[in-house]
Amino acid sequence: QVQLVESGGGLVQAGDSLRLACAASGRTSSELYLGWFRQAPGKDRQFVGRIKWGNGLTYYPDSVKGRFTISRDSAQNTVFLQMNAMKPEDTAVYYCAARFTTDTEYKYWGQGTQITVSS
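Notes on the structure in this doc start here. These numbers come from a predicted model, not from an experiment.

**Describing the overall build of the chain**
Reasoning step 1: In terms of regular secondary structure, the chain is built from 0 helices and 11 strands.
Reasoning step 2: Going from N to C terminus, the chain has its helices and strands arranged as β-β-β-β-β-β-β-β-β-β-β.
Reasoning step 3: Relative to the 2.2 N^0.38 estimate, which gives 14 Å for 119 residues, the radius of gyration of the chain is 13 Å and therefore close to what a compact globule would have.
Reasoning step 4: With the C-alpha coordinates aligned to their principal axes, the bounding extent of the chain is approximately 40 × 30 × 25 Å.
Reasoning step 5: Within the chain, buried positions represent 43% of all 119 residues.

So this is what it looks like as structure tokens:
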């Protein structure tokens with residue numbers, strides 16, 4: 001089991017930067033992927049990136065590449081999502097999720113944190 005708790009959401013203006021944190025506990029290991037997702041009202045959940053706990057390798061979809069950066073602090077068991085040049089369309093509930101390399105889908109989810117970007 002992996003427990004995840006997000007923090008850092010809120011209201012920002014277009015062009016601002018914001019950093020979310022995801023504190024992980026439980027069965028963390030080098031074979032864990034920590035991913036970030038978001039879901040806007042009335043829309044499907046969208047994948048915005050991931051990091052592999054063991055080696056720190058990241059992956060981003062084209063939709064956020066260059067604006068979003070994921071990093072980790074292994075000592076604090078925390079993963080961060082840095083978002084720059086934010087846009088109103090980034091408004092959503094953001095979730096941290098985890099899966100092991102042997103899992104076919106993300107099994108562990110945080111409670112989500114709301115981000116609202118005003119124009």
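Once the structure has been displayed, the description carries forward.
**Things to note about the environment of Gly9**
Reasoning step 1: Position of Gly9 relative to the elements: it lies in the loop between β1 (2–7) and β2 (10–13).
Reasoning step 2: In the structure, Gly9 is positioned 12 residues away from Ala21 in sequence and 9.0 Å away in space, judged by C-alpha atoms.
Reasoning step 3: Setting aside residues no more than four positions away along its own chain, Gly9 makes contact with Leu18, Leu20, Thr113, Gln114 and Ile115.

**Some words on the packing of aromatic side chains**
Reasoning step 1: As enumerated under the stated definition, the model contains 7 aromatic pairs in all.
Reasoning step 2: When the centroid spacing of 6.3 Å and the interplanar angle of 85° are considered together, the rings of Phe100 and Tyr108 count as edge-to-face.
Reasoning step 3: Taking the relative accessible area as the measure of exposure, Phe100 reaches 5% and is therefore buried.
Reasoning step 4: Members of the aromatic cluster, each reached through a chain of ring pairs, are Phe37, Phe47, Tyr59, Tyr95, Tyr106 and Trp109.
Reasoning step 5: Across from the ring centre of Phe80, 4.0 Å away, lies the NZ or CZ of Arg19, which sits over that ring.
Reasoning step 6: One Lys or Arg, Arg27, reaches over the ring of Phe100 and ends 4.1 Å from the middle of that ring.

**Here we look at the sheet that holds strand β7 (residues 68–73)**
Reasoning step 1: Strand order in this open sheet of 4 strands is β1-β3-β8-β7, and the pairing throughout is antiparallel. Of all the strands in the sheet, just β1 and β7 have a single pairing partner and so form its edges. For this sheet, the mean angle separating the axes of adjacent strands, direction not counted, is 20°.
Reasoning step 2: Where β7 and strand β8 (residues 78–83) come together, 6 bridges link them in antiparallel fashion. Counterpart to Ser71 in the pairing with β8 is Phe80.

**So, unusual backbone geometry**
Reasoning step 1: In this structure, Asn77 is a non-glycine residue whose phi angle is positive, near 55°.
Reasoning step 2: By secondary structure assignment, the location of Asn77 is in the loop between β7 and β8.
Reasoning step 3: Phi at Ala85 is positive, roughly 45°, even though this residue is not glycine.
Reasoning step 4: Along the polypeptide, Ala85 turns up in the loop between β8 and β9 (92–100).

**So, the pairing of strand β4 (residues 32–39)**
Reasoning step 1: Burial analysis of β4 places 7 of its 8 residues in the buried class, which makes it a mostly covered element.
Reasoning step 2: Where β4 meets β9, 8 bridges bridge the pair, whose relative direction is antiparallel. Note on β9: the bridge partner recorded for Gly35 is Ala97.
Reasoning step 3: Where β4 and strand β5 (residues 46–52) come together, 6 bridges link them in antiparallel fashion. In the sheet register, Tyr33 faces β5, and the bridge partner there is Lys52.
Reasoning step 4: Hairpin connection between β4 and β5: a loop of 6 residues separates the two successive antiparallel strands, and Gly42 in this loop has a positive phi of roughly 75°.

Procedures and definitions
- Residues numbered from 1 in each chain as written.
- Predicted model: local features only at pLDDT ≥ 70, side-chain atom pairs only at ≥ 80, totals over all residues.
- Heavy atoms only, no water.
- Helix = DSSP H or I, 4+ residues; strand = E, 2+ residues; numbered from the N terminus.
- Rg over C-alpha atoms; globule rule 2.2 N^0.38 Å.
- Buried < 20%, exposed > 50% of the residue type's maximum accessible area, 1.4 Å probe, protein only.
- Contact = heavy atoms within 4.5 Å.
- Phe/Tyr/Trp six-rings, centres within 6.5 Å; stacked < 30°, edge-to-face > 60°.
- Lys NZ or Arg CZ within 6 Å of the ring centre and 35° of its normal.
- Pairing = 2+ DSSP bridges.
- Axes fitted to C-alpha atoms, helices over the stretch in contact; angles between N-to-C directions.

All quantities given are derived from atomic positions and should not be read as evidence of function.
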